[in-house]
Amino acid sequence: MGDNSAVPVFTGAELALADALILIIKVMAMHGVIDPDAIDTVFSDMENRYRGQNLSSAAAMAEYLRQHAMGDDHDLKLLRLRNLLDEAPEGSA
């Protein structure tokens, strides 16, 4: 993607890499490894820093990651609940 573009246009490879990172972040958050609020803060800081350096494509990617990394907190809670329900019960029935 060129940095002089007014509207960010990402290549398929860039979006695939971003979506892979988003998936990893969601799994780590689902298992309590990372804090969802911290993720939002980190990507917001990156976006602001890139905008300050006139790196519009990098800022747009940071914004994309921030918006899609955590999604709705409700979705995250449902994933955690589904994970707990899918675990095999211990002991006798």
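That block above? That's the structure.
Scope of this entry: the structure provided in the associated data block. (Residues numbered from 1 in each chain as written. Predicted model: local features only at pLDDT ≥ 70, side-chain atom pairs only at ≥ 80, totals over all residues. Heavy atoms only, no water.)

Scanning all chains against the criterion turns up 4 salt bridges. With a closest N to O distance of 3.9 Å, Arg66 and Asp40 form a salt bridge. Taken together, the positions of Arg66 in helix α3 (residues 56-69) and Asp40 in helix α2 (residues 36-52) put the pair 26 residues apart, joining distant regions of the chain. Relative accessible area serves as the criterion here: at 25%, Arg66 is assigned to the partly exposed category. A salt bridge links Arg66 to Glu47, with the shortest nitrogen-to-oxygen separation between them at 3.4 Å. Separated by 19 residues along the polypeptide, Arg66 in helix α3 and Glu47 in helix α2 bring together distant segments of the chain. Its relative accessible area of 8% is what places Glu47 among the buried residues. (Salt bridge = Lys/Arg side-chain N within 4 Å of Asp/Glu carboxyl O. Helix = DSSP H or I, 4+ residues; strand = E, 2+ residues; numbered from the N terminus. Buried < 20%, exposed > 50% of the residue type's maximum accessible area, 1.4 Å probe, protein only.)

In this section: the nonpolar core. The tendency in soluble globular proteins is for nonpolar side chains to be buried side by side. Residues Ile25, Ile39, Phe43, Met61 and Leu65 are the most contacted members of the largest nonpolar core, which totals 13 residues. Residue assignment for this core shows that the elements contributing at least two residues are α1 (12-30), α2 and α3. If one sorts the elements of this core by residue count, α3 sits on top with 5 residues. (Core = buried A, V, L, I, M, F, W, Y, C linked by side-chain atoms within 4.5 Å.)

To continue, consider the packing of α2 against α3. Two elements in contact, α2 and α3, have axes whose closest approach is 8 Å; the angle formed by their N-to-C orientations is 165°. One way to sum up the angle between α2 and α3 is to call them roughly antiparallel. For the element pair α2 and α3, the recorded crossing hand is left-handed. For the pair formed by α2 and α3, the contact residues are Ile39, Asp40, Phe43, Ser44, Met46, Glu47, Tyr50 and Arg51 on the first element and Ala58, Ala59, Ala62, Glu63, Leu65, Arg66 and Ala69 on the second. Broken down by class, the residue content of the contact of α2 with α3 amounts to 9 nonpolar, 1 polar and 5 charged. (Axes fitted to C-alpha atoms, helices over the stretch in contact; angles between N-to-C directions. Parallel < 35°, antiparallel > 145°, perpendicular 65-115°, else oblique. Left-handed = near helix turned anticlockwise from the far one by under 90°. Contact = heavy atoms within 4.5 Å. Nonpolar A, V, L, I, M, F, W, Y, C, P; charged D, E, K, R; others polar.)

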